[in-house]
Amino acid sequence: MKKNIALIPGDGIGPEIVAEAKKVLDKICEKCGHEFNYTEILLGGASIDAYGVPLTEETLEIAKKSDAVLMGSIGGDAATSPWYKLEPSKRPEAGLLAIRKGLNLFANLRPAYLYEELKAACPLRDEIIGDGFDMMIMRELTGGLYFGERKTIEEDGVKKAIDTLSYDENEIRRIAIKGFDIARKRRHKVTSVDKANVLDSSRLWRKVVEEVAKDYPDVTLEHMLVDNCAMQLVRNPGQFDVILTENMFGDILSDEASMVTGSIGMLSSASLNETKFGLYEPSHGSAPDIAGQDKANPIATILSAAMMLRYSLDLDKEADTVEAAVKKVLEAGYRTGDIMSDGCTYVGTKEMGDLIAKEI
Ligand code: NAD
């Protein structure tokens, strides 16, 4: 199979972790006879340095023409990086929001899975962990508070900031359909998270999700308020299969779920549009504190590449192979610093990539 993949190394640890994911994909191609053509593109701080803006039209066009995009992470240290002296629309994160919008990536998928081998890194007590957990957070990505009108004004000498949270029924329906479709491939349960006791946007969310649920009689739907969901994630994470929620709630809950798994360096993600196209990236940021030191855990990016194989390229067996290789390396006791524990063998970014590629 021949495919075109746009690669975004990005900033901080981005180039290091993307190199390891590419190493693993190269091995998959070698073993399975596929051919991936890569085009490297710039986003975020790297693009600001080269072109003065965090995303150019040309970059967006290259991404659009590819079959999928694999990304590391973007951004720098907000306290010290000159990128954060620019106006907000020119900063690295603006490039990420713009590429998501430009590619119409409205559905963000983040698995939170507890590896048996990493149980020790999970901050929850054994009786809460139980048999472990395996959930998928489906977050709406292009609407809501982060994309609403915003302004800061002054009224009678008092500064006032206004952000707007709006959703229309079509935006809600398309993400709900994706959520129920994913639940059908898993344990057939959707927990829709909102704040319907307070927000109008949440009341519409709940109504539309209920309408969509009628087409999925085989999937159980439950509603949960976001504050309760934040508690339940640390009280009984095993109850969740697919969590379906809007942009800001999903942003916060998915980070909480990450922490519950024990390491942010293990968590992959996918952002999808209505076709097979998707942008795949680790859930973590660019970790400027450890950039360039061969310390970053590349597994989240390697697992993101596995999601790309599964969701955009329909290479399910190859995706299984990558996930199994990660598991084998963990079983053999190899760990990067973020997931290190007693009795394990410490490895750096490159060696972790080599070990996983060797298992393919
Ligand atoms: P971060 O995720 O980069 O780092 C948080 C902590 O986790 C740090 O201690 C870091 O060293 C550690 N960490 C993160 N990834 C790791 C990995 N793979 N292996 C080992 N340790 C890892 O979050 P932050 O410090 O809040 O943000 C840093 C920059 O990243 C900021 O500019 C932020 O805007 C950006 N960011 C980008 C994305 C993205 O590209 N999608 C997402 C979140 C944050």
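Keep in mind it's a predicted model, so treat the numbers as computed, not measured.

Enquirer: When you look at the domain arrangement of the chain in this model, what are you seeing that I'm missing?
Expert: Think of interface size as the accessible area that goes away when the parts come together; that is how it is often given. If you check the domain split of the chain, you get domain 1 (1-112 + 265-360) and domain 2 (123-261). Relative placement of domain 1 and domain 2: their C-alpha centres are 24 Å apart. In this complex, domain 1 contributes 19 residues to the contact, which on the side of domain 2 involves 20 residues. Summing both partners gives a buried area of about 1,900 Å² for domain 1 against domain 2, and 62% of it is carried by carbon and sulfur. Ranking the residues of domain 1 by area buried against domain 2 places Phe106, Arg110 and Ala112 at the top, with a combined share of 38%. The interface formed by domain 1 and domain 2 contains one salt bridge. Across the pair Asp255 and Arg110 runs a salt bridge, and its minimum N-O distance is 3.3 Å. One can count nine residue pairs in polar contact (both at pLDDT 80 or more) joining domain 1 with domain 2. Of all the elements in the fold, those that place two or more residues in the side of domain 1 that touches domain 2 are helix H4 (92-102), strand S4 (107-113) and strand S11 (268-272). Sort the elements by how many residues they give to the side of domain 1 that touches domain 2 and S4 lands first, with six residues.

Enquirer: Explanation requested: the site of the ligand in the structure shown.
Expert: By nearness alone, 22 residues border the ligand, and Gly76, Glu93, Gly285, Ala287 and Asn297 come closest of all. Here Gly76 contributes a backbone N or O atom positioned 2.6 Å from an oxygen atom of the ligand. One of the side-chain nitrogen or oxygen atoms of Glu281 is found 3.0 Å away from a nitrogen atom of the ligand. About the coverage of the ligand: the protein hides 68% of its 810 Å² of free accessible area. Of all the elements in the fold, those that place two or more residues in the shell around the ligand are strand S3 (68-73) and H4. Within the shell around the ligand, the residues separate by chemical class into 10 nonpolar, eight polar and four charged.

Cut-offs and rules
- Residues numbered from 1 in each chain as written.
- Predicted model: local features only at pLDDT ≥ 70, side-chain atom pairs only at ≥ 80, totals over all residues.
- Heavy atoms only, no water.
- Domains from an automatic or database assignment.
- Contact = heavy atoms within 4.5 Å.
- Buried area = accessible area lost by both parts, 1.4 Å probe.
- Salt bridge = Lys/Arg side-chain N within 4 Å of Asp/Glu carboxyl O.
- Polar contact = N/O pair within 3.5 Å; in protein donor to acceptor, adjacent residues only side chain to side chain.
- Helix = DSSP H or I, 4+ residues; strand = E, 2+ residues; numbered from the N terminus.
- Near = heavy atom within 4 Å.
- Areas by Shrake-Rupley, 256 points an atom, 1.4 Å probe, with all protein chains shown as cover.
- Nonpolar A, V, L, I, M, F, W, Y, C, P; charged D, E, K, R; others polar.

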